[in-house]
Amino acid sequence: MVIRPSEQQLRDPRSLSVLVNKLRPLDPIGWVPEDLVMPAGLENPSGHPIRAAAAAALQVMAAAAAEAGVPFRLVSGYRSRELQQSLFEGYSASDGVAAAETYSARPGHSEHQTGLAVDLDDGAGHAFTSAFGDTAAGLWLRRHCAEFGFILRYEQGEQPVVGYIYEPWHFRYVGTEISLDMRESGIINYEEYVGAEPAPDYAAG
Ligand SMILES: [Zn+2]
């Protein structure tokens with residue numbers, strides 16, 4: 001039996017089990033990981049680094065996907081609080097704040113700031129679209145990501161719990177112990193798995 005992360009691990013940004021969502025900002029809010037590296041073995045048009053443990057797992061997953069004929073690319077990885085701020089402001093300016101809130105985190109609340117989240121695409125024009133979930137690469141990742149320690153973080157229909165629309169491109173590294181346990185137990189969102197409160201929106205005020 002797998003022991004699920006403790007509240008302390010969920011709050012600790014250094015922990016591979018950290019929980020970040022609209023109710024759980026990074027603490028400290030400007031936290032920067034100390035072990036960011038450039039993942040090897042796959043295209044990285046974002047130029048973003050990620051944490052070492054996630055990079056090692058991503059490299060193995062990329063090799064397996066390429067072997068299966070469904071290579072993928074890294075289109076976003078670690079994003080600093082400052083980068084998230086400029087992204088969120090840009091999305092809000094073009095789509096309006098309410099729409100931006102459904103797919104982009106406020107600064108200090110993005111899982112990308114942990115260095116453990118990756119956005120992936122197939123290099124064929126499906127970046128950041130729900131259609132990516134139906135591509136060969138998207139389907140392969142959905143089926144196999146747990147074997148490499150990743151979970152599909154924002155599943156279809158889970159916005160009331162996870163706070164975001166379906167994002168078939170966004171994967172979170174949690175390690176294989178947790179990812180395989182989640183798959184085995186049929187739990188599709190991390191909040192439920194760790195027994196945390198649903199986070200559909202930011203706390204008022
Ligand atoms: Zn993402």
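Residues numbered from 1 in each chain as written. Predicted model: local features only at pLDDT ≥ 70, side-chain atom pairs only at ≥ 80, totals over all residues. Heavy atoms only, no water.

Asker: Before we go on, may I ask you to explain the packing of aromatic side chains in this structure?
Answerer: Aromatic ring pairs are described here by two measures, namely the spacing of the ring centres and the angle between the planes. Evaluated as defined, the whole model comprises 6 aromatic pairs. Centre to centre, the rings of Phe-150 and Tyr-173 are 5.3 Å apart; their planes meet at 65°, and the pair counts as edge-to-face. Of this pair, Phe-150 sits in strand β5 (residues 150-152) while Tyr-173 sits in strand β6 (residues 170-173), placing them 23 residues apart in sequence. By relative accessible area, which is 0% here, Phe-150 ends up buried. Note on Tyr-154 and Tyr-164: the rings are 4.9 Å apart at their centroids and 55° apart in plane angle, and the pair reads as tilted. Pair noted here: Tyr-154 is in the loop between β5 and α6 (159-162) and Tyr-164 is in the loop between α6 and β6, with a separation of 10 residues, a long-range link. Both residues of the pair, Tyr-154 and Tyr-164, belong to the buried class. Here the basic side chain of Lys-22 rests over the ring of Tyr-164, its NZ or CZ set 4.6 Å away from the ring centre. When the ring centre of Tyr-202 is taken as reference, the NZ or CZ atom of Arg-106 above it lies at 3.7 Å. (Phe/Tyr/Trp six-rings, centres within 6.5 Å; stacked < 30°, edge-to-face > 60°. Helix = DSSP H or I, 4+ residues; strand = E, 2+ residues; numbered from the N terminus. Buried < 20%, exposed > 50% of the residue type's maximum accessible area, 1.4 Å probe, protein only. Lys NZ or Arg CZ within 6 Å of the ring centre and 35° of its normal.)

Asker: Looking at this structure, how should I read the coordination of the zinc ion?
Answerer: Six octahedral donors around a metal ideally make angles of 90 or 180 degrees; four tetrahedral donors ideally make 109.5 degrees. Note on the zinc ion: its protein donors are His-112 (NE2), Asp-119 (OD), Asp-119 (OD) and His-170 (ND1). The metal-donor distances range over 2.1 to 2.8 Å. What the 4 donor atoms of the zinc ion show is an angle range of 52 to 154° at the metal, which sorts the shape as irregular. All donor residues of the zinc ion come from one chain, and their arrangement in sequence is H-x6-D-x50-H. Each member of the pair, His-112 together with Asp-119, is buried. (Donors = N, O, S within 2.8 Å, 3.2 Å for Na, K, Ca; no water. Tetrahedral: all angles 85-135°; square planar, octahedral: opposite > 155°, others 65-115°.)

Asker: Is there a simple way to explain the UniProt feature "domain: D-alanyl-D-alanine carboxypeptidase-like core" (unreviewed entry) in the protein chain in this structure?
Answerer: In the numbering adopted here, UniProt assigns the feature "domain: D-alanyl-D-alanine carboxypeptidase-like core" (unreviewed entry) to residues 49-175. Annotated as 40% helix and 14% strand, the span residues 49-175 places its first and last C-alpha atoms 18 Å apart. (UniProt positions renumbered as here; feature names shortened; annotations may be inferred.)

Asker: Teacher, can you tell me more about the domain arrangement of the protein chain here?
Answerer: You'll often see interface size given as the accessible area lost when the parts meet. By the assigned domains, the protein chain splits into domain 1 (38-78 + 115-195) and domain 2 (80-112). The distance between the C-alpha centroids of domain 1 and domain 2 comes to 20 Å. Listed per partner, the contact involves 18 residues of domain 1 and 10 residues of domain 2. Buried area between domain 1 and domain 2, summed over both chains or domains, comes out near 990 Å², and the portion from carbon and sulfur atoms is 44%. (Domains from an automatic or database assignment. Contact = heavy atoms within 4.5 Å. Buried area = accessible area lost by both parts, 1.4 Å probe.)

Asker: I would appreciate a short explanation of the environment of Gly-69 in the present structure.
Answerer: One can find Gly-69 in the loop between α2 (52-67) and β3 (73-76). Taking the relative accessible area as the measure of exposure, Gly-69 reaches 55% and is therefore exposed. Taking the C-alpha atoms as reference, Gly-69 lies 17 Å from Glu-147; in sequence the two are 78 residues apart.

Asker: Hey, could you run me through the environment of Pro-200 in this one?
Answerer: Secondary-structure assignment places Pro-200 in the segment after α8 (190-194). Its relative accessible area of 41% is what places Pro-200 among the partly exposed residues. Between the C-alpha atom of Pro-200 and that of Leu-58, which follows or precedes it by 142 residues, the distance is 28 Å. If we skip the residues at most four places from it in the chain, Pro-200 touches Lys-22, Gln-159, Pro-160, Val-161 and Gly-163.

Asker: What is the right way to look at the sheet that holds β3 in this model?
Answerer: With respect to topology, 4 strands assemble into an open sheet ordered β3-β4-β6-β5, the strand pairing being antiparallel. Of all strands in the sheet, those bounded by a partner on one side alone are β3 and β5. The mean inter-strand angle of the sheet, taken between neighbouring strand axes irrespective of direction, is 45°. The sheet contact formed by β5 and β6 spans 3 bridges and is antiparallel. (Pairing = 2+ DSSP bridges. Axes fitted to C-alpha atoms, helices over the stretch in contact; angles between N-to-C directions.)

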